[in-house]
Amino acid sequence: MKRILVTGGAGFIGSAFVRWQLRRYPTTHVVALDKLTYSGNRDNLKDADPQRYTFIRGDVADPETVARALDGCDGVAHFAAESHVDRSLVGAADFIATNVSGVNTLLEQAVALGTKRVLLVSTDEVYGSIETGAFSEDAPLKPRNPYAASKAAGELFGAAFHASHNAPVLITRGSNTYGPFQYPEKVLPLFITNALDGLPMPLYGDGGNVRDWLFVDDHCSAIDLVLRKGTPGETYNIAGRNEKQNIEVARTLLQLLQAPESLIRHVRDRIGHDRRYAINDEKLRALGWRPKTRWEEGMAETVRWYQENEWWWRKIKSGAFKEYYARQYDHLLDG
Ligand code: NAD
Ligand code: TDX
């Protein structure tokens, strides 16, 4: 591909994907489209060669902006989203605007321009919670929080555009992703940066909820493979095969940070908190994908990155994040 569009290219996974493309494909030009919402950050692209990518600040729900960004691109990887479950539980209007209307706008423009590959980045959360076993791609969608519902709705637009307009839509459902540059509202960077300041790690409920952790570069390599080699109209799970209870994650972080167990603070549970996510990724593995980063390496690298890049997260945590944190955890910390 000579030119690709990455929406949400200034976010956590989107910016890693921009770097991934530039590293892996020396002749590819990347267009990054991002609205720069609270989680979008130009600092996330500081390591990307500015000659090799074009940055457009704009809304993926705006047709003219999307048409301009897509023009001349061979494909698009669509990451732009409202991405945090806890925020969606307070109000979901932005989630519908970006994760549903934004997908519709992107699909309309891609059809109009004849874009050859349209990959929608989705999530394992669309299946809902599972007690044992793992969901395959044909399992029914049973989202259980507004964020997951908006992602499921976006996916359904993708499937509908494939069926009606023969749009070359590919969908990936990735599991919980971690690594450098993740916004500190998400559990790993929140726990790491709090612990570095001697602040508590607010662990929801009994800490027994299970997530399947995937290192960010492995998520990027899977998306890249599906973008290039996947079959249009198909959906691919991307698993970490690395299930951990949240309490185990917290303890691993404490060990790496050499911080005391007393930092773990059990707080009131997230409402409707999904107990366990698990997906089967045989279909993707049949395309040849394997994750490269072992959990121990990925966690050590991630912790080191936050230790060495205080400039990045202190800027965030001393800004608008403070208000969010007070709202989110004030009433929880008393529970
Ligand atoms: P993030 O919040 O770090 O990044 C989202 C980016 O989208 C930000 O840069 C933001 O500015 C941008 N954005 C938001 N609304 C926009 C709009 N209307 N127009 C243009 N840009 C907009 O999120 P992330 O964790 O990097 O997630 C990226 C994608 O991956 C999302 O689609 C998410 O649903 C999906 N996903 C995330 C995970 C995870 O564990 N983080 C797992 C599976 C799937
Ligand atoms: O303070 C916290 N304490 C806590 O115990 C936070 C923020 C979270 N948690 C728990 C809730 C979850 O069981 O940790 C787990 C992970 O929470 P998040 O980081 O908020 O992720 P999750 O809700 O699992 O959703 C993530 O994975 C799927 C991403 O945010 C989504 O964008 C992705 O689609």
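Residues numbered from 1 in each chain as written. Chains lettered and ligands numbered in written order. Predicted model: local features only at pLDDT ≥ 70, side-chain atom pairs only at ≥ 80, totals over all residues. Heavy atoms only, no water.

## Focus: the site of ligand 2
Taken together, 23 residues lie near ligand 2, and Glu-125, Tyr-147, Arg-270, His-273 and Tyr-329 sit nearest. One of the backbone N or O atoms of Ser-83 is found 2.9 Å from an oxygen atom in ligand 2. One of the side-chain N or O atoms of Asn-246 is found 2.9 Å from an oxygen atom in ligand 2. For ligand 2, whose accessible area on its own is 650 Å², the fraction buried by protein is 94%. Broken down by secondary-structure element, the contributors of at least two residues to the shell around ligand 2 are helix H3 (85-90), helix H6 (187-196) and strand S8 (201-204). Residue composition of the shell around ligand 2, grouped by class: 10 nonpolar, seven polar and six charged. (Near = heavy atom within 4 Å. Polar contact = N/O pair within 3.5 Å; in protein donor to acceptor, adjacent residues only side chain to side chain. Areas by Shrake-Rupley, 256 points an atom, 1.4 Å probe, with all protein chains shown as cover. Helix = DSSP H or I, 4+ residues; strand = E, 2+ residues; numbered from the N terminus. Nonpolar A, V, L, I, M, F, W, Y, C, P; charged D, E, K, R; others polar.)

## Brief notes about helix H5 (residues 146-165)
Taking 1.5 Å as the rise per residue, H5 with 20 residues should run 28 Å; its terminal C-alpha atoms sit 28 Å apart, in good agreement. Along H5, the residues classified as buried are Tyr-147, Ala-148, Ser-150, Lys-151, Ala-152, Gly-154, Glu-155, Gly-158 and Phe-161. Here the buried face of H5 lies against H3, helix H4 (93-113), strand S5 (117-123) and strand S6 (169-174). A distance of 3.1 Å separates the backbone nitrogen of Tyr-147 from a side-chain oxygen at the start of H5, and that oxygen is part of Asn-145. One or two steps after H5, the chain reaches Asn-166, where phi turns positive at roughly 55 degrees. (Expected span 1.5 Å × (residues − 1). Buried < 20%, exposed > 50% of the residue type's maximum accessible area, 1.4 Å probe, protein only. Contact = heavy atoms within 4.5 Å.)

## Remarks on the packing of aromatic side chains
The final tally for this structure, using the stated rule, is 18 aromatic pairs. Plain terms: the ring middles of Tyr-178 and Phe-215 are 5.4 Å apart, the flat faces sit at 70 degrees to each other, and that makes the pair edge-to-face. With a gap of 37 residues between them, Tyr-178 in strand S7 (residues 177-178) and Phe-215 in strand S10 (residues 214-215) connect regions that are remote in the sequence. Judged by relative accessible area, which is 1%, Tyr-178 ranks as buried. We classify Phe-215 as buried; its relative accessible area is 4%. Over the ring of Tyr-324 we find Arg-87, and its NZ or CZ is 4.1 Å from the ring centre. The residue whose ring lies beneath Lys-283 is Tyr-236, and the NZ or CZ to ring-centre distance is 5.0 Å. (Phe/Tyr/Trp six-rings, centres within 6.5 Å; stacked < 30°, edge-to-face > 60°. Lys NZ or Arg CZ within 6 Å of the ring centre and 35° of its normal.)

## Quick look at helix H10 (residues 295-308)
Here H10 is 14 residues long and its end C-alpha atoms lie 20 Å apart, about the 20 Å a rise of 1.5 Å per residue gives. Trp-295, Gly-298, Met-299, Thr-302, Val-303, Trp-305 and Tyr-306 are the residues of H10 that are buried. The buried residues of H10 occupy one face: seen down the axis, they fall within an arc of 155 degrees. Buried residues along H10 sit in contact with S7, H6, S10, strand S12 (243-245), helix H8 (246-257) and helix H11 (310-317). (Arc of directions from axis to C-beta.)

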